[in-house]
Every structure is written in structure tokens, then in C-alpha cells.
Amino acid sequence: MLKLEQSDYWQQLQDLAQIHRNTHLRDLFARDNQRFQKYSLGVQNILFDYSKNCITDEVLSALFGLAKDMDLTGAIERMYRGDKINTTENRAVLHTALRNRGNAPLLVDGINVMEQVNDELANMRQFVDKVRSGEWLGYSGKRITDVVNIGIGGSNLGPKMVTQALSAYADNKVRVHFISNVDGVEVAEVLRPLHPEQVLFVVASKTFTTSETMTNAQTARNWLMASAFDERAVKKHFVAVSTNTKAVSEFGIDTEHMFTMWDWVGGRYSIWSAIGLPIALYLGFDQFEELLTGAYDMDQHFRDQPMANNAPVILALIGIWNSLLHGAQSLVILPYDQPLESFTDYIQQADMESNGKHVDQTGNRVNYPTSPVVWGQLGIDGQHAFYQLLHQGNVIVPADFIGSVESSTPVRGHHENLMANFFAQTEALMNGISEDQVREQLQAQGLNQQEIEALLPHKVHEGNRPSNTLLLKRVDPRTLGALIALYEHKIFTQGVVWDICSFDQWGVELGKTLAKGILSEINGESTNAHDSSTNGLIDYFKSLRA
Ligand code: G6Q
């Protein structure tokens, strides 16, 4: 029997799901006018409203019981104190140490990692100040105006999302750009308008072996050489963030300008480490520290608050409940805030790479869904695209709506309009429009009986579609740090309840290994050795190129 199935609460939740199969959110609100007060909470500058989910006190207490049975409290403690909870890679999981602003010592294998963290933060600050003040000069003596981050996955998504989200806080001492795709189109387009003498490349790769990143870094190096004609320029225009000193040095980067991270920092949790260097270069180090502080605030909330007042725990358990109750297999994240344009992409990786697993901690196949398919985009654009399915499709997609009270760039009349849509959508998803309401509307429009009956089923919105609302005061560095950490801990909680290892990513490794072999086949260094489809496709590709 799987560990989860041994919990009586798991069985109780299945029963409750049966009982509530036909409960309508509209009725829950009609029955209890305190529902919002009961099922919402404030944490830092974030108001979290979870009342528009089909939950009751009984459901919540069963969910908390389940989390207790799965020893969530113990698991949190084990993560924070540096136990090797990434069991398949035998590693601690300590992104919380990277933002441990209280600076309490933390021992991993007998070493106080806080000393390493603080040293690296000090190195980053020193470097950031040099670049931003113009003290750091390119090969021809000009100051750096553009920072180009070369990295992929966890070494790209975080800095890209945060620099975009916080652009209102940038002073434009330097601009930032990102290259992740090995498709040459991206590197060519990013480099085209830039001047080699004034560009600083940050090659971000924990392993410094990832082929996309290495290919792009080599191309960037050639681009620099085509103008500098002197290998010594590499040291002035390239820095690295990596754990692989040997490979960094072989590339020609001065290891004095290599920023490190540790094996206890997972790629998708690395934004708080030197992987965040582009953020600090763009915004200044103080703002980067604010981001860390926001995450630290949330870390304390997650560790110290009882479950009934714990935002990440509740967000996680509601996700589990929605998959039980509605069979929901996906989660749509809908920011109503232009700065959060890439937030969904970031959480998509964090969630799906962490919890997209099919076996439990002991390797037994699980018989329940794990990570939902996470997708979405800016909500306001989505309204004119895929919301039709959210409102009337034959599938329930739970939604997280994220918006702000204040716009980070106020333009008269716009934010009110945006937020009117924000509130309208969660209300519409919850209430829908009943047959009676539609009939009334159509009668008022003067349609005859026959016309009304023909149109009626098409215009009915059943409603009862669950959503969470996260209303931020505004997108600022501290609040954003808290928001990211909120989702990180949500993902952690779900992994604990599902009893899976959230911190490995074997599914990512497989494709990386296969691509290496195929590259040598494409280059004619070996013969294809695959199934007929893969061989056929590679042969077709090669024949047209020849
Ligand atoms: C994140 C993943 C993955 C990783 C990239 C880049 O958790 O492991 O997205 O970040 O594959 O890896 P490198 O930083 O080693 O280049």
C-alpha cells in the first residue's frame, strides 16, 4: 500500500469528493456570507483568497489531517536544516539558505554553508558595483552598457522573469538580454544591435556542460573575437556562474570572475544564488537583496505558521483537493500584471519539473495524479483567446489569478480597467449564468420563444469553476520574492503529500543524453541507430541539407 493510501484522511477525502460532486460554489457563498473572511489570509503584501474553491471546514480539516499524516512539519524541518532530501541525487535542498537573512548557521556535512553563501553574496555585490559604476571596463576602455545572460532552464527563466517583472525599478545603468535557445536565430538577433566593446556575457550553467549554453557561449566568444582580435578580451567580457571550475577556466574565463553555487541548489531554485547576477546587475545589489528578503519572509511564514494560516500549505492542499474533486489535471496561472508576463513560464518549470513524477519515494508507481499541467499567460490577453474553454469547456481547469492593487507604471484609467476584468473573471467562473438568467436576458432583448430555446444551451455558463486570487499590493522586489517563495513552498508541500522526490529531474536528463548521440549522427561521425521513424527523420533532414 502506498504511504498516502495509509492515511485515513486520504479515504475521507475521496468520500468528501463524492459528497461534494454536485455542490455549487454559488450555494456555498449564498449559505455563508463570511466565506471570504474565513477563507482568505494576508501574508506580507499578498492577500490570498481561496474562498472560490469548493472547500468547507470539514474538507480543510481532512486536508490538514492528510498533510499531518504525511509528516509535512517534519519534512519542512528536514529541508530547512539541510538533510539530504533529494534522495535520488543524495543532496540537501537549501535554496532557503541562499536567502537566510537571519543568518543562523546551517551545517551541511559539517560545513556552515552560511559562510559560503555570505562570501558569494559579497563577491557578487563587489562585482555588481564595479560594473554599474563604470569601473569595470571592456577591452577598449569603454564601460559596460549591456549584460547578456547565456543559460537555459533554471539558469535562464528566473533572471529573465525577475528582470522583466522589476523593470520599473531599474535605473538603466545597464540593459539585460537573454539567450537560451540553441537556435542560432536567437543569438544572432540578440547580438545584432549590441557593441562587443560594451557587452558583458554572463555564462550561467551549473554544470558548464549544457550543450545549448556552451554552443551559444562559443558563438558569443567568436563574435567578441571578430572585433577584439585578442584572447585577453575574454576575461573582460565574460564571467561565469557555475560549479565547474575546470570547464570555466578551459573556456578562457578568469576563475576569479567565476561565481559559484553548490550541489544543494537545484537549477529551478537557483534564482537566489549567483544565477541571479543579471538581476543584481540590472537593478543594483540592494534591490536583489530585497528580493531575497521577500523570500525569507515567506520562508518564515511557511515554517512557523500553523497549517490553517499557512498560505503555501493551503494553496498546495487546494490543488490536491481540486484534482480529487474535479479530476483536474491542469492549472492555469493568469497574471493580470504586465510585469509578470513570464511568471507562468517560471512556475511551469518549478512545478512540472519538480512534481511531474510517476513513482513515490520508494520507487513504487503512484496511482494518483502528481503535478498538474501548468500553463497560462497574461490573463487579459487570455480572455480574448482561451477563456472560452475555461468558462464553457467540458473540462474543469482550476485557475490562479494574480493581480496588484497598484500598477508599477500607472497610466491614467488603465489599471482600473485591467482590474475590473480581473475581478469579473473570477466571479464569472464561480457563478456562471443559469438558464433562468439567460432566458430573462434573451426575453429582455425581445427574442421570441423559439429563438430563446435554440440559443439558451449555448449561452448557459455552469460556473462552479474554482480559482484562487493572489492580490499583491504591487509588484516590487520584496513582494515578488515572497510570491516566488510562496509557489516554491506550495510545490514542496504537494511533493511531500504525494510522497515523491521533488528535487531530481531525470526526465530532463534523458533528452540531453540522446541529443548528444544524434548530433554526432547529424555531423556524419556515426551512423543512425534508432527506430525506423527516428532514423527516417534524421536521414530526411541530412539528405535535404546535403
Ligand atoms: C533545473 C533543471 C534544468 C537546468 C538546465 C540548465 O532544475 O535541472 O532546467 O537548470 O538544464 O542546466 P545547467 O545550469 O547545468 O546548464
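This one's a predicted model, so the numbers in the text were calculated from it and none came from an experiment.

The subject of this paragraph is the overall build of the protein chain. Counting its secondary structure elements, the protein chain contains 24 helices and 13 strands. A compact globule built from 546 residues should have a C-alpha radius of gyration of about 24 Å, and the protein chain, at 26 Å, falls within 12% of that. Overall size of the protein chain, expressed as C-alpha extent along the three principal axes, is 80 × 60 × 60 Å. For the protein chain, the share of sequence-separated contacts (at least 6 apart) that also reach a separation of at least 24 residues comes to 74%. Surface accessibility of the protein chain: about 24100 Å² in total, with carbon and sulfur atoms responsible for 50%. The positive charge centre, built from 45 side chains, and the negative charge centre, built from 64, are 4 Å apart in the protein chain.

Now for the sheet that holds strand β6 (residues 175–179). Across the sheet, five strands lie side by side as β6-β5-β7-β8-β9; this open sheet has parallel pairing. The open sheet terminates on both sides in strands that have one partner only, identified here as β6 and β9 (258–260). Each strand of the sheet is rotated relative to its neighbour by a mean of 20 degrees, with strand direction disregarded. Looking at chain direction, strand β7 (residues 199–204) and strand β8 (residues 238–242) are connected through four bridges and run parallel. Each residue of the ladder has a partner; that of Val203, found in β8, is Ala240. Across the face of the sheet, helix α7 (residues 113–133) comes into contact with β7, β8 and β9 while running at roughly 145 degrees to β9.

The N-to-C vectors of helix α1 (residues 8–19) and helix α4 (residues 57–69) enclose an angle of 155 degrees; their axes lie 8 Å apart at closest approach. Viewed along their axes, α1 and α4 adopt a mutual orientation that is roughly antiparallel. Crossing handedness for the pair α1 and α4: left-handed. Here Asp8, Tyr9, Trp10, Gln12, Leu13 and Leu16 of α1 lie close against α4, whose contacting residues are Glu58, Val59, Ser61, Ala62, Leu63, Gly65, Leu66 and Asp69. Grouping the amino acids of the contact of α1 with α4 by side-chain chemistry returns eight nonpolar, three polar and three charged.

Counting residues in each nonpolar core, the largest one holds 124 residues, and the members touching the most others are Trp321 and Leu483. Per-element tally for this core: the top contributor is helix α22 (residues 477–498), with 12 residues. Counting 26 residues, the second-largest nonpolar core is a separate cluster that includes Val148, Phe201, Ala217 and Ala240.

By the definition in use, this model includes 28 salt bridges. Of the charged contacts, one joins Asp504 and Lys357 as a salt bridge, the two residues approaching to 2.8 Å between their closest N and O atoms. Residue Asp504 is found in the loop between α22 and α23 (506–522), and its partner Lys357 is found in the loop between α16 (343–355) and β11 (373–375); the two are separated by 147 residues along the sequence. Each member of the pair, Asp504 as well as Lys357, is classed as buried. One connected set of salt bridges, linked through shared partners, spans Arg101, Arg125, Asp286 and Glu289.

Quick look at the pairing of strand β10 (residues 330–336) now. Summarising burial for β10: seven of the seven residues are buried, a large majority. Every second residue of β10 is oriented toward a common face, with Ser330, Val332, Leu334 and Tyr336 on one face and Leu331, Ile333 and Pro335 on the other, all of them buried. Sheet analysis places β10 next to β11, joined by three bridges and oriented parallel. Its bridge partner lying in β11, Ser330 is registered against Val373. Pairing of β10 with strand β12 (residues 399–404) involves five bridges; the strand directions are parallel. Across the sheet, the residue bridging to Tyr336 is Gly403, located in β12.

The next subject is the sheet that holds strand β1 (residues 40–43). The sheet built from six strands is open, its strands ordered β1-β2-β13-β12-β10-β11 with mixed pairing. The open sheet is flanked by β1 and β11, the only strands paired with a single partner. Pairs of neighbouring strands in the sheet enclose a mean axial angle of 15 degrees, with direction left out of account. Running at roughly 155 degrees to strand β13 (residues 467–472), α22 makes contact with β2 (46–49), β10, β12 and β13 of the sheet.

Looking now at the packing of aromatic side chains. In this structure the tally under the stated criterion is 21 aromatic pairs. Measuring from ring centre to ring centre gives 4.9 Å for Trp262 and Trp264, while their planes differ by 5 degrees; the resulting arrangement is stacked. Each member of the pair Trp262 and Trp264 is classed as buried. Aromatic pair Phe401 and Phe422: ring centres 6.1 Å apart, planes at 80 degrees, arrangement edge-to-face. You can see Phe401 sitting in strand β12 and its partner Phe422 sitting in helix α19 (residues 414–431), a full 21 residues away along the chain. For the residue pair Phe401 and Phe422, the accessibility class agrees, reading buried in each case. Of the aromatic side chains, those joined through ring pairs into one cluster are Phe201, Phe208, Trp223, Phe238 and Phe251. Over the aromatic face of Trp272 sits the side chain of Arg99, whose NZ or CZ is 4.6 Å from the ring centroid.

Tracing the backbone shows Ser155 in the loop between β5 (146–150) and α8 (157–165). Here Ser155 falls in the buried class, since its relative accessible area comes to 10%. Among all residues touching Ser155, those that are not within four sequence positions of it are Asn149, Ala204, Ser205, Lys206 and Ile275.

All right, on to the environment of Gln494 then. Here Gln494 is to be found in helix α22. Once the C-alpha coordinates of Gln494 and Leu317 are considered, the two residues, 177 residues apart in sequence, prove to be 7.1 Å apart. Filtering out sequence-adjacent residues up to four positions away, Gln494 remains in contact with Leu315, Ala316, Gly319, Ile320, Asp351 and Asn355. There is a polar contact of 2.9 Å between the side chain of Gln494 and the backbone oxygen of Ala316.

Moving on, we come to the site of the ligand. With respect to spatial proximity, 14 residues lie near the ligand, and among them Ser155, Ser205, Thr207, Thr210 and Gln349 are the closest. The separation between an oxygen atom of the ligand and a polar main-chain atom of Lys206 is 2.8 Å. At 2.6 Å, a side-chain N or O of Thr207 approaches an oxygen atom of the ligand. Considering only residue class, the shell around the ligand consists of one nonpolar, nine polar and four charged.

Calculation criteria
Residues numbered from 1 in each chain as written. Predicted model: local features only at pLDDT ≥ 70, side-chain atom pairs only at ≥ 80, totals over all residues. Heavy atoms only, no water. Helix = DSSP H or I, 4+ residues; strand = E, 2+ residues; numbered from the N terminus. Rg over C-alpha atoms; globule rule 2.2 N^0.38 Å. Contact = heavy atoms within 4.5 Å. Areas by Shrake-Rupley, 256 points an atom, 1.4 Å probe, with all protein chains shown as cover. Lys, Arg positive; Asp, Glu negative; His and termini not counted. Charge placed at Lys NZ, Arg CZ, Asp CG, Glu CD. Pairing = 2+ DSSP bridges. Axes fitted to C-alpha atoms, helices over the stretch in contact; angles between N-to-C directions. Parallel < 35°, antiparallel > 145°, perpendicular 65-115°, else oblique. Left-handed = near helix turned anticlockwise from the far one by under 90°. Nonpolar A, V, L, I, M, F, W, Y, C, P; charged D, E, K, R; others polar. Core = buried A, V, L, I, M, F, W, Y, C linked by side-chain atoms within 4.5 Å. Buried < 20%, exposed > 50% of the residue type's maximum accessible area, 1.4 Å probe, protein only. Salt bridge = Lys/Arg side-chain N within 4 Å of Asp/Glu carboxyl O. Phe/Tyr/Trp six-rings, centres within 6.5 Å; stacked < 30°, edge-to-face > 60°. Lys NZ or Arg CZ within 6 Å of the ring centre and 35° of its normal. Polar contact = N/O pair within 3.5 Å; in protein donor to acceptor, adjacent residues only side chain to side chain. Near = heavy atom within 4 Å.

Nothing here speaks to function; it is geometry throughout.
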